[in-house]
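Summary of structural features
Okay, here's what each chain looks like letter by letter:
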Amino acid sequence: MRFVLLSLLTIGTLSAQLKEYKPSRFNLFSKDQDVQLGKESADEVRKTMPMVNNKDLVDYMNRIGQRLAASKRAGGFPYTFEVINDPTINAFALPGGPMFIHTGLIASVENESQLAGVLAHEMSHVSLRHGTTNVSKANLIQLPAMLAGQALGAKGGILGTLGQLGVSVGAGSVLLRFSRDAEKEADLNGAQMMNDAGYDPTAMAIFFDKLNEGGKRDDGLVANLLADHPTPGRRTTYVAEQNKYLPKVKYSETDPGALAAAKQILEELMGHLGFDVTVTISPGGTEAWARGIELAMLGEADQERGWWEVATFRNRFVKDGGVWKIREMRRFPLMKTDIFQGWGR
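Residues numbered from 1 in each chain as written. Predicted model: local features only at pLDDT ≥ 70, side-chain atom pairs only at ≥ 80, totals over all residues. Heavy atoms only, no water.

Between its first and last C-alpha atoms helix H5 (residues 112-127) spans 22 Å; for 16 residues at 1.5 Å apiece the expected length is 22 Å, and the two agree. The N-capping residue of H5, defined by a side-chain oxygen 3.2 Å from the backbone nitrogen of Ser 113, is Asn 111. Phi turns positive, to about 60°, at Arg 129, one or two residues after H5. (Helix = DSSP H or I, 4+ residues; strand = E, 2+ residues; numbered from the N terminus. Expected span 1.5 Å × (residues − 1). Polar contact = N/O pair within 3.5 Å; in protein donor to acceptor, adjacent residues only side chain to side chain.)

Dropping the structure here:
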């Protein structure tokens, strides 16, 4: 009886020290309007971005995402997970739950927990309603009447209404651009979400800190992510501090071989062709730089049209245990062209 009492007291103490993150009280949108706005915005993304429709790859993203969505920290929104054919290391979630993951992110993570960490972070922006809170604060005067008009059946949808205020879904949109405080909330809420789902929260912090170091080196592949997600500080420090108060669970990944299979799918879909490649190996033989020009099929939807993207690349490899492993990828897109139509089929 004394042991049970002590255990309950310990659990109570840990719970008291674990902050529960909630959406701002000030938001002119209802949760249903978040969901409607997300659906309308997602339709625009699908029209304008090169989507990857490979079922195995999308199913894998959904398995990770729905495992996270079962946590109460996810807010009960109807999350969906889709893949965009883009080499930059990025992902974004729209209000209400639609989430889009760049192929560059999938290619860059070292394990499933790091990928789950990025998803949990973005899902936290949804559950904490950061996007629509931003719009509410920026348009306090005009927005109430506009949203009331939507409730009465005004045409154009919520996205069309916001367009009159200059709010869009594109890069730099107030819907997707967050403050350092919002970033830290998304980190810590996302870490709790990961723990609930059985993923190690430290993996998220390690990956984001690594990306931040890439930003300091002016790595073009992470520029968009860091522009919309300013670093709130050393993530590994404050996530590790919160970890002390999280319930102890056994961490595991969905399938140890699933990420490697996903990366193989990406390689097959992209249809990379490198030429004029120069490889320089360091005097010690432990580091190498590969430079060259690359052709990449833009995605399944473009294969019939034969569109290719031409880019230069500069990738860094390090020899680890006798095996060359990629440590840094830099890719600089040049153009979209059909000059090479039919190549690599």
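Anyway, onward from the coordinates.
Take unusual backbone geometry next. One non-glycine residue, Arg 129, adopts positive backbone phi at about 60°. On the accessibility criterion, Arg 129 (11% relative accessible area) is buried. (Buried < 20%, exposed > 50% of the residue type's maximum accessible area, 1.4 Å probe, protein only.)

Take the side chain of Asp 34 next. The residue Asp 34 is located in helix H2 (residues 31-48) in this model. There is a polar contact of 2.9 Å between the side chain of Asp 34 and the side chain of Arg 129. Not counting chain neighbours up to four residues away, the residues in contact with Asp 34 comprise Phe 29, Phe 77, Pro 95, Gly 96, Arg 129 and Thr 132. (Contact = heavy atoms within 4.5 Å.)

On the surface, Val 279, Ile 281 and Trp 324 cluster together into a nonpolar patch covering about 290 Å² of accessible area. Position of Val 279 among the secondary structure elements: in strand E5 (residues 273-281). (Patch = residues over 30% accessible without salt bridge, like charges linked within 9 Å, V, L, I, M, F, W, Y side chains within 5 Å. Areas by Shrake-Rupley, 256 points an atom, 1.4 Å probe, with all protein chains shown as cover. Salt bridge = Lys/Arg side-chain N within 4 Å of Asp/Glu carboxyl O.)

The next subject is the nonpolar core. One broad trend across soluble globular proteins is that nonpolar side chains are buried collectively. Leu 68 and Met 123 are the most contacted members of the largest nonpolar core, which has 50 residues in total. Excluding anything up to four places from it in sequence, Leu 68 contacts Ala 74, Ala 116, Leu 119, Ala 120, Met 123, Met 193, Met 194, Ala 197 and Tyr 199. The next biggest cluster of nonpolar side chains, apart from the first, holds eight residues, and it includes Ala 42, Val 45, Ile 84 and Leu 176. (Core = buried A, V, L, I, M, F, W, Y, C linked by side-chain atoms within 4.5 Å.)

Glancing now at the pairing of strand E2 (residues 80-84). Of all the five residues making up E2, four are buried; the element is thus mostly covered by neighbouring parts of the structure. By the bridge criterion, two bridges tie strand E1 (residues 51-52) to E2 in an arrangement that is antiparallel. Note that in E2 the partner of Met 51 across the bridge is Ile 84. With five bridges connecting them, E2 and strand E4 (residues 98-102) associate as parallel partners. By the bridge assignment for E4, Phe 81 is matched with Met 99. (Pairing = 2+ DSSP bridges.)

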